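Spelled out from the first residue to the last, the chains are:
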Amino acid sequence: MSEPIVVDGAENLPERVPVEVAVGVLVERDADGREGRFLLTSRPAGKVYAGFWEFPGGKLEPGETVEQALRRELIEEIGITIGAVHPWRELVMDYPHARVRLNFCKVFDWTGEFEMREAQAMAWQTLPVEVEPVLPGTIPVLRWFAEERGHAGPTHRETPAD
């Protein structure tokens, strides 16, 4: 896993302990094992950044590992049981409401029917993503996908928040 990256002007903010978050990057693979579409979900009404698109996941509970939290969160949020968890990258983001360490894990296998249990929306996407607005912590992931996949050009629609 790569070293955490601190973005969004963190050097100008008071020191805050990051909240650990497990994030599931669900990716479909074709018959040859090449990565294809990936799942984004919208943030539910009533939450910070409601309506913004992100990869699903959530905060670690005391004593949980990233994998345990991811398994729990994906059942709670979208109703699926995941197979193997592949730790991928970490990113530290400073939002006005919190500093979070996003532990991104790729997931290629899952069972169950997708059920948006928080009344959020879901969308299978490729680059550039069609949904908007995209949560700031999601944008670096889209760039990582672009690097891995040799994608040139924009990864998402630019919004005033970018």
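Residues numbered from 1 in each chain as written. Predicted model: local features only at pLDDT ≥ 70, side-chain atom pairs only at ≥ 80, totals over all residues. Heavy atoms only, no water.

K.L.:
What is the right way to read helix H1 (residues 66-78) from this model?
P.N.:
The terminal C-alpha atoms of H1, which comprises 13 residues, lie 17 Å apart, in line with the 18 Å expected from a rise of 1.5 Å per residue. Buried-residue contacts for H1 involve strand S2 (19-29), strand S3 (35-42), strand S5 (57-59), strand S6 (81-82), strand S7 (85-94) and strand S8 (99-107). Backbone geometry just after H1 places glycine 79 at a positive phi near 75°. (Helix = DSSP H or I, 4+ residues; strand = E, 2+ residues; numbered from the N terminus. Expected span 1.5 Å × (residues − 1). Contact = heavy atoms within 4.5 Å.)

K.L.:
Could you clarify how one ought to interpret the pairing of S8 in this entry?
P.N.:
Here is the key point about a regular strand: its side chains alternate between the two faces of the sheet. In terms of residue burial, S8 counts as a mostly covered element, since eight of its nine residues are buried. Note that S2 and S8 share eight bridges and pair parallel. Considered in S8, the bridge of glutamate 20 is made with arginine 101. For S7 and S8, the ladder comprises nine bridges, and the chain directions are antiparallel. Bridge pairing in S8 places aspartate 94 opposite arginine 99. The turn joining S7 and S8, which pair antiparallel and follow one another in sequence, is formed by four residues. (Buried < 20%, exposed > 50% of the residue type's maximum accessible area, 1.4 Å probe, protein only. Pairing = 2+ DSSP bridges.)

K.L.:
What is the right way to read unusual backbone geometry from this model?
P.N.:
Excluding glycine, residues mostly carry a negative phi; peptide bonds, for their part, are mostly trans. Cis geometry is found at the peptide bond from leucine 127 to proline 128, where omega equals -5°. Secondary-structure assignment places proline 128 in the loop between strand S10 (122-125) and helix H2 (139-149). Going from glutamate 132 to proline 133, the amide bond is cis rather than trans, its omega being -5°. In this fold, proline 133 is placed in the loop between S10 and H2. Of note, the phi angle at tyrosine 49 is positive, near 60°, even though the residue is not glycine. Considering the arrangement of structural elements, one finds tyrosine 49 in the loop between S3 and strand S4 (53-54). Its identity as a non-glycine residue notwithstanding, alanine 119 has a phi of 60°, on the positive side. Along the chain, the position of alanine 119 falls in the loop between strand S9 (110-111) and S10.

K.L.:
Is there a simple way to explain H2 in this structure?
P.N.:
Owing to its 3.6 residues per turn, the α-helix aligns residues three or four sequence positions apart on the same side. Of the residues making up H2, those classed as buried are Ile139, Pro140, Val141, Leu142, Trp144, Phe145 and Ala146. Turning to H2, the residues buried within the fold contact S2, S3, S7 and S8. Positive backbone phi, approximately 65°, marks glycine 150, located one or two places after H2.

K.L.:
Whenever I open this one, the packing of aromatic side chains confuses me. Can you help?
P.N.:
What characterises a pair of aromatic rings is the spacing of the ring centres plus the angle enclosed by the ring planes. Using the criterion set out here, one finds eleven aromatic pairs in the structure. Geometrically, the ring pair formed by tryptophan 110 and phenylalanine 114 is edge-to-face, given 6.1 Å between the ring centres and 65° between the ring planes. On the numbers, 5.8 Å between centres and 20° between planes, the contact of tryptophan 110 with tryptophan 124 is stacked. Within this pair, whereas tryptophan 110 is found in strand S9, its partner tryptophan 124 is found in strand S10, the two being separated by 14 residues in sequence. Three or more aromatic residues joined by ring pairs make a cluster, and in this case those are Phe38, Phe55, Trp88, Phe104, Trp144 and Phe145. Over the face of the ring belonging to phenylalanine 108 we find arginine 29, whose NZ or CZ atom lies 3.6 Å from the ring centre. The lysine or arginine in question, lysine 106, covers the ring of tryptophan 88, its NZ or CZ lying 4.4 Å from the ring centre. (Phe/Tyr/Trp six-rings, centres within 6.5 Å; stacked < 30°, edge-to-face > 60°. Lys NZ or Arg CZ within 6 Å of the ring centre and 35° of its normal.)

K.L.:
Explanation requested: the nonpolar core in the structure shown.
P.N.:
Across soluble globular proteins, nonpolar side chains have a tendency to be buried as a group. Within the largest apolar cluster, 30 residues are counted, with the highest numbers of intra-cluster contacts made by Phe38, Phe55, Leu102, Phe104 and Phe145. Sort the elements by how many residues they give to this core and H2 lands first, with six residues. Here phenylalanine 145 is in contact with Val25, Val27, Glu35, Phe38, Phe55, Trp88, Lys106 and Leu127, once residues within four sequence places are set aside. (Core = buried A, V, L, I, M, F, W, Y, C linked by side-chain atoms within 4.5 Å.)

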